[in-house]
Amino acid sequence: MSSTAKIQHSILTAHAALSLSELLTLNPSISRRTAQRSLSELINNHTIVAIGGGRSRKYLAASHYGSTATELTATKPTLSVSDNIRVHISDQFPAYIPQSADSKDILNYIEQPLSARSPVGYQRSLLDDYEPNVSFYLSEPMRRQLYRMGNTGLALQPAGTYGRDILSRLLIDLSWASSHLEGNTYSRLDTVELIEHGKAALGKASIETQMILNHKAAIELLVDNPESIGFNRYTILNLHSILSENLLPNPFDEGRIRQHRVDIGKSVYRPISGDAVIAELLDLLLAKAQMITDPFEQSFFMMVHLPYLQPFADVNKRTSRLAANLPLIRANLCPLTFLDVPEEAYSRATLGVYEMNRIELLRDLYVWAYERSTREYIALKQQLVEPDPMRLEYRNLIKRTVYQVITSPDSDPEDEIRAVLTLELADAELEYLTALIIEELRRLHEGVLARYGIRPSQLKIWKDKQKFIEK
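Residue numbers here run from 1 along each chain, matching the order of that chain's written sequence. The model is predicted, so local features are restricted to residues of pLDDT at least 70 and side-chain atom pairs to those at 80 or more, both for listing and for counting; the totals for chains, interfaces and linings are taken over all residues. Excluded from the side-chain calculations are hydrogens and water; all other atoms, namely the structure's heavy atoms, are used.

1. A few points about the nonpolar core
Nonpolar cores are built from buried Ala, Val, Leu, Ile, Met, Phe, Trp, Tyr and Cys residues. Side-chain atoms within 4.5 Å join them into one set. Here the term buried applies to any residue with accessible area under 20% of the maximum for its type, exposed to any over 50%, and partly exposed to those in between, with areas from a 1.4 Å probe on protein chains only. Membership of the largest hydrophobic core comes to 94 residues, with the highest contact counts inside it found for Phe301, Met302, Phe338 and Tyr370. In this description, contact between two residues means that some pair of their heavy atoms is separated by no more than 4.5 Å. Non-local contacts of methionine 302, meaning those with residues more than four positions away in its chain, are made with Phe231, Ile236, Leu285, Leu286, Ala289, Pro307, Ser320 and Ala323. Among the nonpolar cores identified, the runner-up in size contains 24 residues, and Met390, Leu425, Leu433 and Ile454 belong to it.

This is the structure we're talking about:
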């Protein structure tokens, strides 16, 4: 009996849904990776269905699903959907996220039972009707608002300058928040330990650790290569490959156009099938994205169209979230980290695009999420003060001069400063460095003495004799 047949037999003869661990216990001769491939095959041919997500995911015979669905949803309000979307039937869309009248209309439809929503397939007109720099999902006032929020003052600097400045923070925030939207249970502190120190969190599934590390690698790709990558097939396929590494049942699907049908669980949307037509649409999507000149419109366009097309077997939304940051990184704008974005809000907003071709709810969420991100990163930028080039060039001379002044308490400070500096500086530099060192002397306190090689007792003696310095 083949591995797939063994897995199928275990599920079909079980009286309840089985987890991957339980299936491996029942079939000890089958490796985890082989079992994952078999499960993927059985799901694709509709022999079984997957229930739940992450570590709690279980598998049930499709023939049993209809009779047990009510019981399952009563005990498990979260049902898995393709690409790890989860629709939380018992949760409400957070009231603290502003919603337009159009967004409320979308919510009213999406929150109906499946039986009340009309099945719908991929509508090519959503992409065909969009004309770059003529059509806009984000209005001009909205784009101006986003720019004001995300402006770092580095627009004229080389592409990616700001991203490199805040890379260590971005790796943690975006890796954690994007993974959290997929049900990853790593805490932010766990993520810090993994990314900065290479320590995987205890008690977490390896798939969660892999997801975080994949995000880290994908972010580094964007920040390290902002001028050489763009909205083209090479970039998007490789971005997907990095994000999906060691996470898909079939490694063949990493970085490749989807070659089989996928379903969106708990949704009436049916994505288009056929790798040739998907490849054609992806090329058109990327060509239009490349033509968009406004970075925010470009970013939001990718968040709408990439998941809607579902060009990959899985990990479509993760790819779109990283791709949405590419134009922001290139323009030296604050990134969109998705910090504090609720999973149920993101899922509903995405379903609005899938089932209604309506972008308003996702747009409201995008603007709210970007404001949350910029609050963190504008504050962070204020801490990233550009070094004074004179202080940097003459740092050793400054330290030496401060030491000379403090250890000569009976001398006039300016006389001591000039005595040291005139030996090494031109007149213009002499005046600037003199003023700079006097300011250093005014700010001296016990917390900075080590950098000058000064003892607290020496500073006390100098202050006692040079009272005028503190006036």
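2. Quick word on the pattern of salt bridges
Any Lys or Arg side-chain nitrogen located within 4 Å of an Asp or Glu carboxyl oxygen qualifies as a salt bridge. For the structure on display, the rule yields 21 salt bridges. For the salt bridge of arginine 144 with glutamate 140, the shortest nitrogen-to-oxygen distance reads 3.1 Å. One end of the pair is arginine 144 and the other is glutamate 140, both in helix 7 (residues 140-150) and four residues apart, which spans about a single turn. The closest approach of N and O atoms between arginine 375 and glutamate 371, which form a salt bridge, is 3.3 Å. Per the convention used, a helix needs a DSSP run of H or I reaching at least four residues, while a strand needs a run of E reaching at least two, with both numbered from the N terminus.

3. Some remarks on the packing of helix 14 (residues 295-309) against helix 15 (residues 316-323)
In a pair of packed helices, the angle between the axes and the distance between the axes together describe the arrangement. At a closest axis distance of 9 Å, the pairing of helix 14 and helix 15 adopts a crossing angle of 160 degrees. The angle between helix 14 and helix 15 places the two elements in the roughly antiparallel class. Seen from above, helix 14 lies across helix 15 with right-handed handedness. Of helix 15, the residues touching helix 14 (which contributes Met302, Met303, Leu306 and Pro307) are Asn316, Lys317, Thr319, Ser320 and Ala323. Every axis in this analysis is a line fitted to C-alpha atoms, fitted for helices over the stretch in contact. Angles between the N-to-C directions lie between 0 and 180 degrees. Throughout, the term roughly parallel applies to angles under 35 degrees, roughly antiparallel to angles over 145, roughly perpendicular to angles from 65 to 115, and oblique to all others. Should the near helix be turned anticlockwise from the far one by less than a right angle, the crossing is left-handed, and should it be turned clockwise, the crossing is right-handed.

4. Side note on the environment of asparagine 250
Following the sequence through the fold, asparagine 250 ends up in the loop between helix 12 (233-244) and strand 7 (269-270). Sequence-wise, asparagine 250 and glutamine 36 are 214 residues apart; in three dimensions their C-alpha atoms are separated by 7.8 Å.

5. Quick look at the sheet that holds strand 3 (residues 58-61)
In spatial order, the strands read 1-3-2; together these three strands make up an open sheet with antiparallel pairing. Two strands in the sheet have a free side with no partner beyond their single neighbour: strand 1 (18-19) and strand 2 (48-51). By the convention used here, strands pair only if DSSP detects at least 2 bridges between them. The pairing of strand 1 with strand 3 spans two bridges and is classified as antiparallel. Note on strand 3: the bridge partner recorded for serine 19 is lysine 58.

6. Some remarks on helix 12
A helix is expected to span 1.5 Å for every residue after the first. The end-to-end C-alpha distance of helix 12 is 16 Å, a good match for the 16 Å that 12 residues give at a rise of 1.5 Å each. Buried residues of helix 12: Thr235, Ile236, Leu237, Leu239, His240, Leu243 and Ser244, and no others. Looking at the buried side of helix 12, the elements it contacts are helix 11 (206-224), helix 13 (275-291), helix 14 and helix 15. Of the residues one or two after helix 12, asparagine 246 is the one with positive phi, at around 65 degrees.

7. Describing the packing of aromatic side chains
Two aromatic rings from Phe, Tyr or Trp, using only the six-membered ring of Trp, form a pair when their centres are within 6.5 Å; if the ring planes differ by under 30 degrees the pair is stacked, by over 60 it is edge-to-face, and anything between is tilted. Overall, the coordinates contain 11 aromatic pairs when judged by the stated rule. Their ring planes at 45 degrees and their centres at 4.9 Å tell us that tyrosine 130 and tyrosine 137 sit as a pair that is tilted. Using a relative accessible area of 11% as the deciding quantity, one classes tyrosine 137 as buried. An aromatic cluster is defined as three or more aromatic residues linked by ring pairs; in this entry it consists of Tyr130, Tyr137, Phe300, Phe301 and Tyr366.

That's the geometry; what it means functionally is another story.
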